Amino acid sequence: MTLEQAYYITEIIVGIGFIISIVFLGLQMKQNSYLLRKSMADQRSQRVIWMAQTCSTDADFRDFERRIDTEYSTFNVDEKFRANMMGVRTLTSILNELLAHFDGQISDDEWINLRWNMVLAAKRPNVQAAYLWLKDGYSKKIQVFWEGLDTSGVSHKVGDLGRSFN
């Protein structure tokens, strides 16, 4: 085998290796995107599960959660702070997922659930107060979308949720 033949064989091997590494990189990116979507879905699920579990096991929290929808305007400073921090917890996750949606990192099925969460959350006074505090940390695109949601009326009452299961 001549030196020239060895050179061409080496070039072919390098080319095949390069193609394999590109395919491998593509697979890693696909897996990373899946894990990112899964992580965001898990956060959403954990937030909802935490709320359901806390409402069902803590009578004080359950009463307070109900009062947010009906008595928020009469809350004292401490109660508003407590309610607003609950809003920050909820809204941070939602706005981060909305950002991921605009970046194409959320599937159509996940978008249905996220949109439903946004519509419900946008009507809560504590979430609206939290938005005023958080909004400058998000792009204009996020702000315009969030501010375009219907914020009139109360999204739900926990007591009504209980009646819907009967």
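Just so you know, these numbers come straight off a predicted model, no measurement behind them.

1. Here's the deal with the nonpolar core
If you look at the biggest cluster of nonpolar residues, it comprises 21 residues, and the most contacted ones within it are Leu-91, Ile-94, Leu-95, Met-118 and Trp-146. At the level of elements, α3 (77-102), α4 (108-122), α5 (125-134) and α6 (140-147) are the ones that each hand at least two residues to this core. The element contributing the most residues to this core is α3, with six residues. When neighbours within four sequence positions are excluded, Trp-146 is seen to be in contact with Leu-91, Ile-94, Leu-95, Met-118, Ala-121, Ala-122, Val-127, Gln-128 and Tyr-131. Core analysis: the next-biggest nonpolar cluster, separate from the first, contains eight residues, Cys-55, Phe-61, Phe-64 and Phe-75 among them.

2. A word on the pattern of salt bridges
Overall, the coordinates contain seven salt bridges when judged by the stated rule. Arg-82 is the salt-bridge partner of Asp-60, the closest N and O atoms lying 3.3 Å from each other. Here Asp-60 is found in helix α2 (residues 59-71), whereas its partner Arg-82 is found in helix α3, with 22 residues between them in sequence. Owing to a relative accessible area of 32%, Arg-82 belongs among the partly exposed residues under this scheme. Between Arg-67 and Glu-71 there is a salt bridge, and its shortest N-O distance comes to 2.9 Å. You can see Arg-67 and its partner Glu-71 sitting in helix α2, four residues apart, about one turn around the helix. Residue Arg-67 is classed as buried on the basis of its relative accessible area, which comes to 18%. Several salt bridges converge on common partners, so that one network encompasses Glu-65, Asp-69 and Arg-124.

So, how was this worked out
Residues numbered from 1 in each chain as written. Predicted model: local features only at pLDDT ≥ 70, side-chain atom pairs only at ≥ 80, totals over all residues. Heavy atoms only, no water. Core = buried A, V, L, I, M, F, W, Y, C linked by side-chain atoms within 4.5 Å. Buried < 20%, exposed > 50% of the residue type's maximum accessible area, 1.4 Å probe, protein only. Helix = DSSP H or I, 4+ residues; strand = E, 2+ residues; numbered from the N terminus. Contact = heavy atoms within 4.5 Å. Salt bridge = Lys/Arg side-chain N within 4 Å of Asp/Glu carboxyl O.

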